[in-house]
Amino acid sequence: MSLVAGVVAVQGDVAEHAAAIDRAVAARGREVTVHEIRDAGTVPDCDLLAMPGGESTTISRLLRSEGIAPEIRDHVAADKPLLATCAGLIVASRDANDDRVDELGLVDVRVERNAFGRQADSFEAPLSVAGLADDEPYPAVFIRAPAIDAVGEAEVLATWDDRPVAVRDGPVVGTAFHPELTPDSRIHGLAFFENDEATVPAIEETD
Ligand code: GLN
């Protein structure tokens, strides 16, 4: 059965997420149609969603004004997977520590925006991420990344510099870094597909 994916496309690195979803799905012998989400009405058709990096203030404002925010909440309430990266994690968080961000409250963490420095301080770090398919470090790209500074019900999947940088809260995986910017699609696989160590059933894998 072909899957339907949505990439929130009001702002941010959309094409890269679509390509990473393609790779993760193809690696499992499945097919996927990827929709770019700019308006209300498409999210309810999606089996899985990605919310990219960009500018969290802009993304959250547009999600609200376009009526997409409640659809994303319903998607998660229906236990369907969401991967929220960088600004996407800030928007998905319980508390963005910034009045200009209208949080969706889907990941029980508080984040600190831009905690790892400015654009010029971007870096790549080899992360050990719980639940990945093999033990190879994950090459995580951080760009004006948030830090997670308080964790409620979420499970920490990876830390860097003693700070959580990847978490799972039910069907939502949130990363402070940009898994769409490397050819390694294991984080997309972890977010979207069932896996021995994942805490919730995502989409069933077929052989
Ligand atoms: N600094 C951005 C924000 O706070 C996030 C950066 C990113 O997504 N690369 O919204």
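Residues numbered from 1 in each chain as written. Predicted model: local features only at pLDDT ≥ 70, side-chain atom pairs only at ≥ 80, totals over all residues. Heavy atoms only, no water.

1. Some points on the pattern of salt bridges
Within the structure shown, the criterion is met by 10 salt bridges. For Glu55, the salt bridge identified is with Arg113, shortest N-O distance 2.8 Å. Placement of the pair is Glu55 in the loop between strand S3 (48-51) and helix H2 (56-65) and Arg113 in the loop between strand S6 (107-112) and strand S7 (123-127), with a sequence separation of 58 residues. Looking at Arg113, the relative accessible area reads 17%, which means it is buried. Between Arg64 and Asp102 there is a salt bridge, and its shortest N-O distance comes to 2.9 Å. A residue pair is termed long-range when its members are at least 10 positions apart, and Arg64 in helix H2 and Asp102 in the loop between strand S5 (93-95) and S6 qualify at 38 residues. Among the residues examined, Arg64 registers a relative accessible area of 38% and is labelled partly exposed. Here the residues in one salt-bridge network are Glu55, Asp98, Arg100, Arg113 and Arg144, joined through shared partners. (Salt bridge = Lys/Arg side-chain N within 4 Å of Asp/Glu carboxyl O. Helix = DSSP H or I, 4+ residues; strand = E, 2+ residues; numbered from the N terminus. Buried < 20%, exposed > 50% of the residue type's maximum accessible area, 1.4 Å probe, protein only.)

2. Examining the packing of aromatic side chains
Per the stated rule, a full pass over the model turns up 5 aromatic pairs. Ring geometry for Tyr138 versus Phe177: centroids 5.9 Å apart, planes at 40 degrees, classification tilted. Note that Tyr138 is positioned in strand S8 (residues 138-142) and Phe177 in the loop between strand S12 (172-175) and helix H5 (186-192), a separation of 39 residues in sequence. Of the two residues, Tyr138 and Phe177, both sit in the buried class. (Phe/Tyr/Trp six-rings, centres within 6.5 Å; stacked < 30°, edge-to-face > 60°.)

3. Some details on the sheet that holds S5
If you trace the 3 strands from one edge of the open sheet to the other, you get S5-S6-S9, paired in mixed fashion. Both edges of this open sheet fall to S5 and strand S9 (147-151), since each of them pairs with a single strand only. Averaged over all pairs of adjacent strands, the angle between their axes in this sheet comes to 55 degrees, without regard to strand direction. Note that S5 and S6 share 2 bridges and pair parallel. By the bridge assignment for S6, Asp95 is matched with Arg110. (Pairing = 2+ DSSP bridges. Axes fitted to C-alpha atoms, helices over the stretch in contact; angles between N-to-C directions.)

4. Side note on the site of the ligand
As a matter of local geometry, the ligand sits amid Gly53, Gly54, Glu55, Ser56, Cys86, Ala87, Ile90, Arg113, Asn114, Ile143, Arg144 and His178. Ala87 is positioned with one of its backbone polar atoms (N or O) 3.1 Å from an oxygen atom of the ligand. Between an oxygen atom of the ligand and a side-chain N or O atom of Arg113, the distance comes to 2.7 Å. Within the complex, 97% of the 300 Å² of free accessible area of the ligand lies under protein. For the shell around the ligand, the class distribution of residues is 4 nonpolar, 5 polar and 3 charged. (Near = heavy atom within 4 Å. Polar contact = N/O pair within 3.5 Å; in protein donor to acceptor, adjacent residues only side chain to side chain. Areas by Shrake-Rupley, 256 points an atom, 1.4 Å probe, with all protein chains shown as cover. Nonpolar A, V, L, I, M, F, W, Y, C, P; charged D, E, K, R; others polar.)

5. A look at unusual backbone geometry
Here the phi dihedral of Asp79 falls at roughly 70 degrees; this positive angle occurs in a residue that is not glycine. For Asp79, a relative accessible area of 42% translates into the label partly exposed. Unlike most non-glycine residues, Asn114 shows phi in positive territory, near 55 degrees. By secondary structure assignment, the location of Asn114 is in the loop between S6 and S7.

6. Digging into the environment of Ala147
Summarising the element assignment, Ala147 is placed in strand S9. For the pair Ala147 and Met51, spaced 96 residues apart in sequence, the C-alpha separation works out to 17 Å. When near neighbours in sequence (up to four residues on either side) are disregarded, Ala147 contacts Arg110, Val111, Glu112, Ala115, Phe116 and Arg163. (Contact = heavy atoms within 4.5 Å.)

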